[in-house]
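Chains, contacts and geometry: an overview
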Amino acid sequence: MKSKKILLLLVVLFSIPMLFTSCSAYKDMASANLQTQLNQRFKIARMPQCYFNNLKQGLNVEIKQNYQQFVVDKNVYSMSNSAIFNMPTVNYVRAMGFKDLGENDYTLTITLSRIDVNTWNGKIDIMLGVEMTNSSNETIFEQNVMSSGTNAMNVPNGLNEQYTLALEQINWNKISSFFKKDSAPKQLAKEEPRKEVEGYGNTALENTIVRWDVQSRPAGADVFWRVVSKTPSVKSTNNKYLQTTPYEATKSLDIRGLSYENSGDVRIILRCEKEGYHSQEKEFNVRMIIDQEEISAFFRLVKE
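Residues numbered from 1 in each chain as written. Predicted model: local features only at pLDDT ≥ 70, side-chain atom pairs only at ≥ 80, totals over all residues. Heavy atoms only, no water.

**So, the side chain of Ser82**
Tracing the sequence through the fold places Ser82 in the loop between β2 (76-78) and α2 (86-94). When neighbours within four sequence positions are excluded, Ser82 is seen to be in contact with Asn39, Gln65 and Leu112. (Helix = DSSP H or I, 4+ residues; strand = E, 2+ residues; numbered from the N terminus. Contact = heavy atoms within 4.5 Å.)

This is how it looks when you write it as structure tokens:
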């Protein structure tokens with residue numbers, strides 16, 4: 001009797017690893033099948049909600065994959081390096097009236113910064129980077145959009161929906177505003193002193209391109225910026241990360257409520273941080289930035 005119990009115990013003990021191996025194999029097979037479905041069934045969930053006509057210049061659309069993937073969860077399938085999004089995204093932009101005319105075109109680059117699908121619970125995380133440059137390769141518009149959701153019952157449809165939601169968050173009205181300005185002479189911000197920025201790109205202030213040049217010694221320091229305001233029309237902000245030094249960019253001022261008239265009461269604070277060094281800040285009056293169309297700063301960092 002005792003030997004039978006020992007034999008039964010041995011059978012159970014040897015069966016447990018086989019059970020876990022079987023579950024793991026099933027999970028891997030289900031994940032592989034779902035990945036195939038995601039690639040085969042991807043499409044934009046709905047047509048664009050807006051259309052722009054009579055645009056004088058063309059728009060070259062580029063979709064940029066992200067091959068630097070940092071996924072630690074084995075259940076997460078990263079699709080940021082996939083080309084299946086290219087043509088559907090280009091066709092989506094074309095459906096809004098943006099055409100590729102081939103001469104003096106703007107360039108819109110949409111970077112697939114992150115497209116992660118959890119094949120076990122259906123969670124989807126998407127981040128797109130948007131950059132628009134003019135014919136001189138100057139950046140005139142930048143935006144990051146994010147979309148996240150869970151659809152464990154139908155993951156392919158969930159991917160289609162979340163990607164479409166990300167595209168719908170792009171500020172297409174502001175992008176189109178650059179085309180409408182082409183036929184008219186450039187208007188200076190001081191010529192419409194009380195017109196406040198609302199985010200639609202229809203003010204001279206929003207179309208004033210500012211050159212950013214931030215350097216440090218040693219290089220490789222983190223650069224942050226924030227708005228400090230004394231006028232109720234403009235809200236002060238917390239620090240926003242730019243990138244590491246050296247930082248060079250050309251972009252428009254998009255500070256809600258800002259006008260040329262109240263810009264004298266608004267400051268931009270640049271902060272420079274590097275491990276092992278004291279943090280430093282420099283401040284700039286926004287009226288001066290608008291007039292000079294430049295923010296230039298050099299930080300000589302001091303060791304702690």
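From this point, the narrative continues.
**Observations regarding the sheet that holds strand β7 (residues 222-229)**
Read from one edge to the other, the open sheet built from four strands follows the order β8-β7-β10-β11, with strand pairing classed as antiparallel. The sheet is open, and its two borders are formed by β8 (240-244) and β11 (280-285), each paired with just one other strand. For this sheet the average axis-to-axis angle between neighbouring strands, irrespective of direction, equals 25°. Where strand β10 (residues 266-273) lies against β11, six bridges are found, and the strand directions are antiparallel. When the bridges of β11 are listed, Leu270 appears paired with Lys282. (Pairing = 2+ DSSP bridges. Axes fitted to C-alpha atoms, helices over the stretch in contact; angles between N-to-C directions.)

**Describing the confidence of the model for the protein chain**
Within the protein chain, residue pLDDT values average 83, and 85% of them lie at 70 or more. When pLDDT is averaged over each helix and strand of the protein chain, the minimum, 59, is found for helix α1 (residues 2-41) and the maximum, 96, for β10. A low-confidence stretch, residues 9-14 (pLDDT under 50), is modelled with zero contacts involving residues beyond four sequence positions or located in other chains. (pLDDT = per-residue confidence, 0-100.)

**Concerning the nonpolar core**
If you look at the biggest cluster of nonpolar residues, it comprises 41 residues, and the most contacted ones within it are Phe98, Met132, Tyr163 and Trp172. Broken down by secondary-structure element, the contributors of at least two residues to this core are α1, β1 (59-64), α2, β3 (106-118), β4 (123-133), β5 (139-150), α3 (155-169) and α4 (172-180). A per-element tally of this core places β3 first, with six residues. When residues no more than four places from it in sequence are discounted, the contact partners of Met132 are Leu59, Tyr106, Thr107, Leu108, Glu138, Thr139, Ile140, Phe141, Ile175, Phe178 and Phe179. (Core = buried A, V, L, I, M, F, W, Y, C linked by side-chain atoms within 4.5 Å. Buried < 20%, exposed > 50% of the residue type's maximum accessible area, 1.4 Å probe, protein only.)

**What to know about α3**
Its 15 residues place the ends of α3 21 Å apart at the C-alpha level, agreeing with the 21 Å of an ideal helix rising 1.5 Å per residue. Considered for burial, the residues of α3 that qualify are Val155, Pro156, Gly158, Leu159, Asn160, Gln162, Tyr163, Thr164, Ala166 and Leu167. Where α3 begins, the side chain of Asn154 points an oxygen toward the backbone nitrogen of Asn157, at a separation of 3.3 Å. (Expected span 1.5 Å × (residues − 1). Polar contact = N/O pair within 3.5 Å; in protein donor to acceptor, adjacent residues only side chain to side chain.)

**Concerning the side chain of Thr133**
Mapped onto the elements, Thr133 comes out in strand β4. Under the relative-accessibility criterion, Thr133 is labelled buried at 10%. Each residue touching Thr133, except ones within four places of it in the same chain, is listed here: Tyr106, Thr107, Glu138, Thr139 and Ile140.

**Quick word on the layout of surface pockets**
In this structure, the largest pocket occupies an estimated 1200 Å³ of space. Forming the boundary of the largest pocket are 36 residues, of which Phe141, Glu142, Gln143, Asn144 and Lys251 lie nearest the centre. At the level of secondary structure, the elements contributing two or more residues to the lining of the largest pocket comprise β3, β4, β5, β7, β8 and β9 (247-252). Here the lining of the largest pocket is built from residues that sort into twelve nonpolar, 13 polar and eleven charged. (1 Å grid on protein atoms, 1.4 Å probe; cavity = no way out; pocket = protein on both sides within 12 Å on 5 of 7 lines; lining within 4 Å. Points joined across faces, edges and corners; volume = space filled by probe spheres on them. Nonpolar A, V, L, I, M, F, W, Y, C, P; charged D, E, K, R; others polar.)

**With respect to the pairing of β4**
Among the eleven residues that make up β4, eight are buried, leaving the element largely enclosed by the rest of the structure. As paired elements, β3 and β4 share ten bridges and run antiparallel to each other. By the bridge assignment, Ile115 is partnered in β4 with Ile126. Joining the antiparallel neighbours β3 and β4 is a turn of four residues, in which Gly122 adopts a positive phi near 80°.

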